[in-house]
Amino acid sequence: MQEIAAIRKHITAVDKRILEALARRRRLVARIVEAKDRTGAPIRDTRREEQLLEELIAQGRRLGLDAHFILRVFGEILEDSLRAQKRHFLADPDPGPQRVAYQGIPGAYSEAAARRHFAPFLDRTSFVGLATFQEVVEAVEAGEAEYGILPLENTTAGSINEVYDLLSCARLTIVGEVIFQVDHCLVSLREVPLTEIDCVLSHPQALSQCLKFLSRLPHCEVRPFPDTAMAVKRIKEEANPRLAAIASEEAARLYGVHVLRRNVQDQRENFTRFVIVGKKSVPVDARVPCTTSLVMAVPHEAGALLKALSVLHQHDINLLKLESRPIPGLPFQYRFYLDMEGNTLETRIATALAELRRVTTSLTVLGCYPSQHHPRTRPPVPPPQPGADVAEATPSPSPSTATSKPPYPLVWRGSKPEGTVVLVRGVRIGGEVCIVMAGPCAVESREQIRQCAQQVRECGAHMLRGGCFKPRTSPYSFQGLGLEGLQLLAEAGAEFDLPIVTEVLSPADVDTVARYADLLQIGARNMQNFSLLAAVGRCQRPVLLKRGMMSTIDEFLGAAEYILAQGNHQVVLCERGIRTFETMTRNTLDLGAIPILKRLTHLPIVVDPSHAAGRRDLVAPLALAARAVGCHGLLVEIHPNPETALSDGPQALPFAEFAALMRALQGG
Ligand code: PEP
Ligand code: MN
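Residues numbered from 1 in each chain as written. Chains lettered and ligands numbered in written order. Predicted model: local features only at pLDDT ≥ 70, side-chain atom pairs only at ≥ 80, totals over all residues. Heavy atoms only, no water.

### Some details on unusual backbone geometry
Backbone phi values are negative for most residues with the exception of glycine, while trans is the configuration of most peptide bonds.
1) Next: In this structure, Ala239 takes a positive phi of about 50 degrees despite not being glycine.
2) Next: Of the residues examined, Ala239 reaches a relative accessible area of 49% and is grouped as partly exposed.
3) Next: Positioned with a positive phi, Asp497 is a non-glycine residue whose angle comes to about 55 degrees.
4) Next: Mapped onto the fold, Asp497 is located in the loop between helix 14 (482-495) and strand 20 (500-503).
5) Next: With relative accessibility at 40%, the residue Asp497 sits in the partly exposed group. (Buried < 20%, exposed > 50% of the residue type's maximum accessible area, 1.4 Å probe, protein only. Helix = DSSP H or I, 4+ residues; strand = E, 2+ residues; numbered from the N terminus.)

If you want it as structure tokens, here you go:
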């Protein structure tokens, strides 16, 4: 115990030095802010952030710290500096007493979001709960509240039409936004089995975000209620344990009820975007990243909307959202709501607005306000040095375009000569960079997948793989951890900020797997499972389609066409070796297929050297060869201890060998 106490004393002393250093850094940021005030320099310089992080990763490594840790800690520090600079450049930093109207009662999501937005001024701010969105608008218009908060859209259930319609005729302006993560809970008076719940109360928006969960309670009545917190209050008042509500954990705590299930919304990541409205607009310093919202109508004639949107294109303005609503009294005519990146004080925005006025029949700027979404800078991570280098490879020249049209019109290269780039949570598959997805054959435990994720991140690879539903030759082999594995994989991906890819085996599992995975894998054995292809074709997630081990290139493209034909165009092909008479390797990697596929289709192509070889000594040479023939990415199996792996151990790279491969790939 004495030893621990002595070490803790040292830790406390180190923590104190960290605190002092952070405070010193903040004081320097304050001086930067003054200097930027004088010189007009922008508050964000992503190039400088990238250089800074690259240097910190290199220095940190010399001190024994991993890149992921450095990126996390300094990501937070840089964000703090950005927040401080934004605060400085925002007008009216210190208001007097103010009232904020919201719809609902204490514990409602709107109230929580308002508290977050006004956090620096909580001592001067009072929150007024009202019955409807309309009353919120009226209270601000009448001066009974300085501000109102209104939910505008939800990432699961979509736009809140009533609020859009109110905004178009309100005499108010949007002065801020709050992006609020909504985790719904099913709450009740006390712990009861779900089968004993007869009725669930909640706001219609919350109910529509939990449709899948509610459909699993078929015996249960679903009753809309004016507000989530009111629903909680009601179940408390009725004292009936057969009643439940969907609301926030905060509301459950506030009204002293029991949380039966957490995270019951359809999407794991569920955000609501609220806007703060006031009577007068607040100009925002041009250096602060802003969103401008407007509502417009265009003449009822061909090409009118296109004309309006091309104004934004001409001024290089990024459109964040486009929403249409019917115009009351004019059946089948619409007005459009637009959110775009930029500040009305910038010349390009002001000019674009002037030009937009010429091509629209009405246009109102709803507001220009500091944007809450600023992605963190992420420099590429070089794999740690030193280590044995594998032979260098040179990239292949681009293939030429096919001239005749094959029977697969949608995947045919001629239908999209520029090629498809599939975007998987920010990772571009099909661009210039040969991306690497790596991870174990199967998720085996929390610790195993976590260690793999850390290694994937540390080596600068881009995505985490891991099988949860395993297609095994023998029914007695390890079949994967199923849903539990999926949760562990998602957890590791989230911790290390890596998109995840995993296999889905049956149409019935597509929705569940899509809830967690960023990229859905169709395995070689299922390449011609047409009902599975159709099911992923109807879902919104990108798909990694592996070539069947007995399939020709033609059949491979036919399988991809099935997915595209259902509407999902985000397909990545994967060559993983085919069966030949050769017995030295598990399969024979068909490298020639890569340039052929690149000529025949616009879809990106990745290569899996692990399943092709079946033995780890061939993985690195085949990976380098695959890159040399022009693949867009690699899928590699790794394991913290391949000898104990529950599946495909002989082909898994131990961590050191994977790091060497990554160095060879990045150096080449
Ligand atoms: C896998 O990648 O986990 C897998 C089973 O591969 P394949 O479908 O190519 O055999
Ligand atoms: Mn495997």
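### Thoughts on the coordination of the manganese ion (ligand 2)
1) Next: Within the protein, the manganese ion (ligand 2) binds to Cys441 (SG), His611 (NE2), Glu637 (OE) and Asp648 (OD); these donor distances fall in the range 2.0 to 2.4 Å.
2) Next: Going along the chain, you hit the donors of the manganese ion (ligand 2) in the pattern C-x169-H-x25-E-x10-D. Of the two residues, Cys441 is situated in the loop between strand 18 (435-439) and helix 13 (446-458) and Glu637 in strand 25 (residues 633-637); the sequence distance between them amounts to 196 residues. (Donors = N, O, S within 2.8 Å, 3.2 Å for Na, K, Ca; no water.)

### Digging into the nonpolar core
1) Next: In this structure, Leu545, Leu573, Leu634 and Phe658 are the most contacted members of the largest nonpolar core, which totals 73 residues.
2) Next: Beyond its immediate sequence surroundings of up to four residues, Leu545 is in contact with Ile522, Met527, Leu533, Phe556, Ala559, Ala560, Ile563, Val571, Val572, Leu573 and Cys574.
3) Next: The next biggest cluster of nonpolar side chains, apart from the first, holds 34 residues, and it includes Tyr102, Ala113, Ile235 and Leu243. (Core = buried A, V, L, I, M, F, W, Y, C linked by side-chain atoms within 4.5 Å. Contact = heavy atoms within 4.5 Å.)

### Here's the deal with the packing of aromatic side chains
1) Next: The full count for this structure, using the stated rule, is 4 aromatic pairs.
2) Next: The interplanar angle of 80 degrees and the centroid separation of 6.3 Å between the aromatic rings of Phe180 and Phe274 together place this pair among those described as edge-to-face. Separated by 94 residues along the polypeptide, Phe180 in strand 5 (residues 173-181) and Phe274 in strand 11 (residues 271-278) bring together distant segments of the chain. Phe274 shares its class with Phe180; the two are buried. (Phe/Tyr/Trp six-rings, centres within 6.5 Å; stacked < 30°, edge-to-face > 60°.)

### Notes on the pairing of strand 7 (residues 199-202)
1) Next: Burial along strand 7 is two-sided: Cys199 and Leu201 and Val200 and Ser202, pointing in opposite directions, are all buried.
2) Next: Pairing geometry for strand 7 and strand 8 (residues 221-224), over 4 bridges, is parallel. The partner of Ser202 across the bridge, within strand 8, is Pro224. (Pairing = 2+ DSSP bridges.)

### Examining the site of ligand 1
1) Next: Around ligand 1, the neighbouring residues are Arg465, Lys470, Glu503, Gln521, Gly523, Ala524, Arg525, Lys546, Arg576 and His611.
2) Next: A distance of 2.7 Å separates an oxygen atom of ligand 1 from a polar side-chain atom of Lys546.
3) Next: In this structure, Arg576 approaches ligand 1 through a side-chain N or O atom, which is 2.6 Å from an oxygen atom.
4) Next: Bound to the protein, ligand 1 loses 97% of the 290 Å² it would expose on its own.
5) Next: Its residues assigned to classes, the shell around ligand 1 comprises 1 nonpolar, 3 polar and 6 charged. (Near = heavy atom within 4 Å. Polar contact = N/O pair within 3.5 Å; in protein donor to acceptor, adjacent residues only side chain to side chain. Areas by Shrake-Rupley, 256 points an atom, 1.4 Å probe, with all protein chains shown as cover. Nonpolar A, V, L, I, M, F, W, Y, C, P; charged D, E, K, R; others polar.)

### Section: the domain arrangement of the protein chain
1) Next: Entries for the protein chain in the domain assignment read domain 1 (41-89), domain 2 (185-262), domain 3 (283-372) and domain 4 (431-467 + 481-663).
2) Next: Using C-alpha coordinates to define each centre, domain 1 is positioned 32 Å away from domain 4.
3) Next: If you look at the interface, domain 1 gives 6 residues, while domain 4 gives 7 residues.
4) Next: In total, about 510 Å² of surface goes out of reach between domain 1 and domain 4, with carbon and sulfur atoms giving 40% of it.
5) Next: For domain 1, the biggest contributors to the area lost against domain 4 are Asp66, His68 and Arg72; these three give 72% of the whole.
6) Next: Across the pair Glu458 and Arg61 runs a salt bridge, and its minimum N-O distance is 3.1 Å.
7) Next: Connecting domain 1 to domain 4 are 5 residue pairs in polar contact (both at pLDDT 80 or more).
8) Next: Of the residues forming the side of domain 1 that touches domain 4, the biggest block, 4 residues, is contributed by helix 3 (residues 67-89).
9) Next: Here the side of domain 1 that touches domain 4 is composed, by residue class, of 2 nonpolar, 1 polar and 3 charged. (Domains from an automatic or database assignment. Buried area = accessible area lost by both parts, 1.4 Å probe. Salt bridge = Lys/Arg side-chain N within 4 Å of Asp/Glu carboxyl O.)

### Observations regarding the sheet that holds strand 23 (residues 571-575)
1) Next: In spatial order, the strands read 18-19-20-21-22-23-24-25; together these 8 strands close into a barrel with parallel pairing. Across the sheet, the axes of successive neighbouring strands diverge by a mean angle of 25 degrees, strand direction being ignored.
2) Next: As paired elements, strand 20 and strand 21 (residues 519-522) share 3 bridges and run parallel to each other. Paired with Thr502 across the two strands is Leu520, which belongs to strand 21.
3) Next: Its contacts with the sheet place helix 14 against strand 19 (463-465) and strand 20, and it is angled at close to 165 degrees to strand 20.
4) Next: Here helix 18 (residues 593-600) sits on the sheet in contact with strand 23 and strand 24 (605-607), set at roughly 165 degrees to strand 24. (Axes fitted to C-alpha atoms, helices over the stretch in contact; angles between N-to-C directions.)

### Structural notes on the packing of helix 17 (residues 553-565) against helix 18
1) Next: Two elements in contact, helix 17 and helix 18, have axes whose closest approach is 11 Å; the angle formed by their N-to-C orientations is 45 degrees. Between helix 17 and helix 18, the interaxial angle falls into the category oblique. Crossing geometry of helix 17 relative to helix 18 is assigned as right-handed. Where helix 17 approaches helix 18, its residues Ile553, Phe556 and Leu557 are matched on the opposing element by Ala593, Ile596, Leu597 and Leu600.
2) Next: Looking at the contact of helix 17 with helix 18 residue by residue, the classes come out as 7 nonpolar, no polar and no charged. (Parallel < 35°, antiparallel > 145°, perpendicular 65-115°, else oblique. Left-handed = near helix turned anticlockwise from the far one by under 90°.)

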